[in-house]
Structures are given as structure tokens and as C-alpha cells.
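Below are the chains, spelled out letter by letter.
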Amino acid sequence: MVDVQGTVADGFEPVRDAFADNFARRGERGAAVAVYRDGRKVVDLWAGTKDADGGDEPWQRGTAQIVRSATKGVAAAVPLLLHQRGQVDLDAPVGTYWPEFKANGKERVLVRHLLSHRAGLPVLDTPLTPAEAIDGVSGPRAVAAQEPAWEPGTDHGYHAQTYSWLIGELVRRVTGRTLGTWVAEEISGPLGLDLWVGLPEAEQGRAGRVADIEAPAAPAAAGLRVRAKASVADAYADPSSLTRRAFAAITPLADENDPAYRAAELPASAGIATADALARFYGSLIGVVDGGRRLFAPATLTMARTEESAGPDRVLVVNTRFGLGYMLHGPASPLLAPGSFGHPGRGGSLAFADPESGVSFGYVTNGLQKNVTADPRAQALVRAVAKSLAG
């Protein structure tokens, strides 16, 4: 039996039980989960080992992990906050801020299209190498030159990797700062969050090593489909599909345990965070956490979780729902309730907020399973939170 560390508030014991069950039945190796309600921490748990691929160093309070696409939810807050401050018009063409972006039929791509995965730019005709992906120049240049795969604004498809350079360069053009620097100076620093888009050298020792692990068979899969539908599996197997090409915009796959990759500012895929930091971040989007400051004004919060894209996703080949930068509750990405918004990370991590219940949630893991939007371990924890709220 795993030794679960941390605390839960009265009534949230089901979350501790589900967390322990993830280790017993769902293949968990090292993980943490944190939950806040109305700005107060009600769950703070961790267990297992810091590294998924060997070693016996225990996971400790403050252990951080790469959270893959859960980074997108952090990154999305930056242009929304810039809009809130009057520095970005969400309905302006991206080329207003980034003139080179207008090439090859992208004159009418709006800022909101980048956030809602409607820009038509999920793939690159020529994939970037891992070194090019992190050099800060090749990615923005490639997406600026790329011809859209569909008429921008008319449909949606998940921008798995290109989101890094689209959002990152927009922020740099508007503010003169990289997105990672902006997050550090305007969000993580003021709120005291162990959350980085670009891990500093001094913090490299905080992050555990991730590794691929096998997903559980039913019924341990928490009621989720653990084998993809044939259409989805075919899309991932077809080298010419938008699905395969979107995830292969960086080829070959980067080593996510490489310090250079972790230090890179890739807002789509390479954020490093603790579970507590993700939960506090989302808590600060919807209210005040531990005497801190609220990030989103009510109007910004409404925009973030108002549906912009819904239905068949050209890349993920399932029905998805997006607000401005955030996945919304639905069958492909179940969150806590219909009003919840957040973002999963491929292979496990999940973070979101539910304004109606006042809940914010963060889950990180070092064992990456073969899923994109709904991990069985994360979903078991979300169900336990719902059970706790129901009393």
C-alpha cells in the first residue's frame, strides 16, 4: 500500500480514497492532487516516487512535474489578461500585432481564433526539430509562413504544438516580454506559485522524471473508454492525417526530461508545476486564494468559459468544446460541472476551475498514459470531489 501524504478537510475523505486507489489499481507511480474551495485548501495530497522511470526518491511536498497541455490553460490567461488591461483586442487580426503573420491567407485570422483553435494552423508542412522548437525563432517563423489547413474561423481543430508559437509570439509582440517571463512576473511571482513556463536552472532539481506507463484495463478506468474508437486510432496511425501531423509538429519527439527542453518556453506543452500551484492558479482566476488577488474580472471569466468552438474536432477526431483558450466540460474532457473550464495534459495532468461551486483543482503525475483529454486517474479524483461536494 502506498503511503499517502498530506491532508484533506472534513468531508473530502473520498478524494484521499480515490487517490490511494489510483496507486492500487490504476498504475500510478508518483502524483499529487490539490483542491481549493472558495479560496481555502481542502485537499493537499501526494504519494509515490519523484521519478517514474526508476529510483526510490519519494515524492515530496513541492515536487513539480511537466504538465504538457495543461500548460495551455496557464498560457491562455496571458492574452486574456492583456485584453482585460486594454492591450489586446481579441477581435483584431493577429497581423495587427505581428505583421509577418499575414502571409499565405492569414490576414483575417483573429486573436480569438488562436485561443479557440480556429486558426487553421495545427500542422506545419515542415516539422521542427526539438532544437528548432525551443530556439525562440524557428517556431514563430514557421507558423507565420504556414498556409492554413482550412479557412480560418470556419471550423476548429486542436493546435497541439503550434499553440506554443502562436500564443507565445503574440504575447512577445504585444508586451516585449516572452510569455514565460510574463507568467513569472505577473502571475507566478505575485501569487507565490511553483509554476513555470521555462524552468529556471535553480529549480531544475524540483522536477521529477516522467515516463510512459500502461493505462489500466476496465473497470479501473473510472468508467472511461480506454481504447480509442477505430476512427480515432486510424487518425493517429495515418502519417498524412491532421491528427498525426499536429502532434508531430516537433519531430522527432523531444526528450521531456532534458533540462534544455524544460527550460524552454513552450506554452503548449512544457510547463512545469506542482498540483497546488495549478489549483491555486485556477482558484485565482475565479476568486481570491489565501489573501492573494483575483486575476480575472467577471467579464473576462465569462469570456474564458463562453463556448467558441464545439463539435467534431478536425485534429482530435472527437467532439470537443473550447472557450477562449480553455477546454469546457463535455464527454471528451469531463470536468466537474457544466460551467467548469480548464485544460488537461496529454497522458494525465488536469487543472480546472468551477465558478459555481467555488472549486479549483490541480493534478500532476509522472506516469504518462496513452490518453489525450480524459485520464482515468484524474477522472477518478474529479468524481471523488463531486462526491465530497454532494455530502
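Scroll up to find the structure.
Calculation criteria
Residues numbered from 1 in each chain as written. Predicted model: local features only at pLDDT ≥ 70, side-chain atom pairs only at ≥ 80, totals over all residues. Heavy atoms only, no water. Helix = DSSP H or I, 4+ residues; strand = E, 2+ residues; numbered from the N terminus. Rg over C-alpha atoms; globule rule 2.2 N^0.38 Å. Buried < 20%, exposed > 50% of the residue type's maximum accessible area, 1.4 Å probe, protein only. Contact = heavy atoms within 4.5 Å. Areas by Shrake-Rupley, 256 points an atom, 1.4 Å probe, with all protein chains shown as cover. Lys, Arg positive; Asp, Glu negative; His and termini not counted. Charge placed at Lys NZ, Arg CZ, Asp CG, Glu CD. Axes fitted to C-alpha atoms, helices over the stretch in contact; angles between N-to-C directions. Left-handed = near helix turned anticlockwise from the far one by under 90°. Nonpolar A, V, L, I, M, F, W, Y, C, P; charged D, E, K, R; others polar. Phe/Tyr/Trp six-rings, centres within 6.5 Å; stacked < 30°, edge-to-face > 60°. Lys NZ or Arg CZ within 6 Å of the ring centre and 35° of its normal. Parallel < 35°, antiparallel > 145°, perpendicular 65-115°, else oblique. Pairing = 2+ DSSP bridges.

### Remarks on the overall build of the chain
Regarding its fold elements, the chain presents 13 helices and 14 strands. For 391 residues, the compact-globule estimate of 2.2 N^0.38 gives 21 Å, and the C-alpha radius of gyration of the chain, at 19 Å, lies within 12% of that figure. Burial statistics for the chain: of 391 residues in total, 59% are counted as buried. Excluding contacts between residues fewer than 6 apart, the proportion of contacts in the chain whose partners are at least 24 apart in sequence is 68%. With an accessible surface of roughly 14,800 Å², the chain has 50% of that area assigned to carbon and sulfur atoms. With 40 positive and 44 negative side-chain charges, the chain shows a spacing of 3 Å between the two charge centroids.

### Some thoughts on the packing of helix α2 (residues 70-84) against helix α11 (residues 275-286)
Interaxial distance between α2 and α11 falls to 11 Å at its minimum, and their mutual angle equals 35°. Relative to α11, the crossing made by α2 is left-handed. Taken together, the residues of α11 that come into contact with α2 (itself represented by Gly73, Val74 and Ala77) are Leu278, Phe281, Tyr282 and Leu285. When the residues that make up the contact of α2 with α11 are grouped by side-chain class, the tally is 6 nonpolar, 1 polar and no charged.

### Section: the packing of aromatic side chains
For any pair of aromatic rings, the description rests on two quantities: the centre-to-centre distance and the angle between the ring planes. Counted according to the given criterion, the structure contains 10 aromatic pairs. Their ring planes at 80° and their centres at 5.4 Å tell us that Phe19 and Phe23 sit as a pair that is edge-to-face. Of the two residues, Phe19 and Phe23 both sit in helix α1 (residues 13-25), 4 residues apart, roughly one turn of that helix. Residue Phe23 is classed as buried on the basis of its relative accessible area of 15%. Aromatic pair Tyr158 and Phe322: ring centres 6.2 Å apart, planes at 15°, arrangement stacked. In this pair, Tyr158 sits in the loop between α5 (138-145) and α6 (163-175) while Phe322 sits in strand β9 (residues 319-322), placing the two residues 164 residues apart along the sequence. Across this residue pair, the class does not change: Tyr158 and Phe322 are buried. Taken together, Tyr158, Tyr236, Phe247 and Phe322 form an aromatic cluster joined through their ring pairs. Across from the ring centre of Phe101, 5.1 Å away, lies the NZ or CZ of Lys106, which sits over that ring. The residue whose ring lies beneath Arg346 is Phe247, and the NZ or CZ to ring-centre distance is 4.3 Å.

### Examining the packing of α1 against helix α13 (residues 376-390)
Two numbers describe how α1 lies on α13: the axes approach to 8 Å, and their chain directions differ by 165°. Taken as axis vectors, α1 and α13 run roughly antiparallel relative to one another. Judged by the twist between their axes, the crossing of α1 over α13 is right-handed. Within the contact between the two elements, α1 uses Pro14, Val15, Ala18, Phe19 and Asn22 and α13 uses Arg377, Ala380, Leu381, Ala384, Val385, Lys387 and Ser388. For the contact of α1 with α13, the residue count by class is 8 nonpolar, 2 polar and 2 charged.

### Observations concerning the sheet that holds strand β7 (residues 272-273)
Spatial strand order, β4-β7-β5: 3 strands in an open sheet with antiparallel pairing. Each edge of the open sheet carries a strand with a single partner, namely β4 (65-66) and β5 (195-196). The pairing of β4 with β7 spans 2 bridges and is classified as antiparallel. Counted as the bridge partner of Gln65 is Ala273 from β7.

### Some remarks on the pairing of strand β11 (residues 341-344)
Residues Phe341 and His343 line one face of β11 and the alternating positions Gly342 and Pro344 line the opposite face, and both faces are buried. Here 2 bridges tie strand β10 (residues 327-328) to β11, and the two strands are oriented antiparallel to one another. From the neighbouring strand, Met327 faces β11, where its bridge partner is Gly342. Sheet topology note: the β11/strand β12 (residues 350-354) ladder contains 4 bridges and is antiparallel. Looking across to β12, one finds that Pro344 is bridged to Leu350. Two successive antiparallel strands, β11 and β12, enclose a turn made up of 5 residues, where Gly347 displays a positive phi of approximately 100°.

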